[in-house]
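Single-letter residue listing:
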Amino acid sequence: LSAAPRAITWHKVAEEIYDCKSYIDYDNKRTVELVDMNDERIVGTTGPFSRKALESLAACFAQGKQALLFINRKGQANALYCSDCREILRCFKCKSPLTVKANETINCFTCKTVSPSPKVCPLCNGLRLVPLGVGTEGLQQAILKVFAKAKVARLDRESISKKTPLETSYLDQFDVIVTTSLI
């Protein structure tokens, strides 16, 4: 199990498909709750957060505490999907799924190819391209849509330069830190 496992990994552990040898909860304060986002959509929830997650964030802010959100994907969205041909766009060099970036590019994190985000599907010329999933950029924007006054830091390899101070005093100024398993 990684430090920031995907939901499908947790599900496979729960179904005993994967064997979880150990998970050390050093302070006995961490809990993991799997939420079926299909159920959330039925009751009208939109975006990447469940009702429980939004309640927890609001409570955290009300208490003046800081939230740390781990997501193991970079970018705005995990993939770009064509609803016309039902294909996920892949890198023309290495065939890996392309990540959608906030700067309107699609990036391959395997071979480092960067291209402008297409307006039409290169496979079928369809116009119904849909970003799927959410990465650190998308999560940061989603937090700001719901909690406009929140101070949000995004910590991933693309947002941190050698000049970015990562001391506690720097990080303490933020209400939310969105990160991959980088920290």
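Summary of the structure given here. (Residues numbered from 1 in each chain as written. Predicted model: local features only at pLDDT ≥ 70, side-chain atom pairs only at ≥ 80, totals over all residues. Heavy atoms only, no water.)

**As for the sheet that holds strand β2 (residues 79–82)**
Inference 1: Pairing within the open sheet is antiparallel, and its three strands lie in the order β3-β2-β7. Among the strands making up the open sheet, the edge pair consists of β3 (87–88) and β7 (129–132).
Inference 2: Two strands pair when backbone bridges link them, and β2 and β7 are joined in this way by four bridges, in the antiparallel orientation. Paired with Tyr 81 across the strands is Val 130, a residue of β7. (Pairing = 2+ DSSP bridges. Helix = DSSP H or I, 4+ residues; strand = E, 2+ residues; numbered from the N terminus.)

**Description of the pairing of strand β8 (residues 152–155)**
Inference 1: By the alternation rule, side chains of β8 split into Val 152 and Arg 154 and Ala 153 and Leu 155, which are all buried.
Inference 2: The pairing of β8 with strand β9 (residues 176–179) spans four bridges and is parallel. Considered in β9, the bridge of Val 152 is made with Val 176. (Buried < 20%, exposed > 50% of the residue type's maximum accessible area, 1.4 Å probe, protein only.)

**Section: the environment of Arg 86**
Inference 1: Mapped onto the elements, Arg 86 comes out in the loop between β2 and β3.
Inference 2: In this structure the C-alpha to C-alpha distance between Arg 86 and Leu 129, which are 43 residues apart in sequence, comes to 9.6 Å.

**Observations regarding helix α4 (residues 136–146)**
Inference 1: Every buried residue of α4 is listed here: Thr 136, Glu 137, Gly 138, Leu 139, Ala 142 and Ile 143.
Inference 2: Residues of α4 that are buried sit in contact with β1 (67–70), β8 and β9. (Contact = heavy atoms within 4.5 Å.)

**Brief notes about the packing of aromatic side chains**
Inference 1: Here the structure, examined in full by the defined rule, presents one aromatic pair.
Inference 2: Each ring, one from Phe 61 and one from Phe 147, has its centre 4.9 Å from the other, and the planes form 85 degrees; the classification is edge-to-face. Residue Phe 61 is located in helix α3 (residues 51–62), and its partner Phe 147 is located in the loop between α4 and β8; the two are separated by 86 residues in the primary sequence.
Inference 3: Judged by its relative accessible area of 17%, Phe 147 is buried. (Phe/Tyr/Trp six-rings, centres within 6.5 Å; stacked < 30°, edge-to-face > 60°.)

Everything listed is a geometric property; what it means functionally is a separate question.
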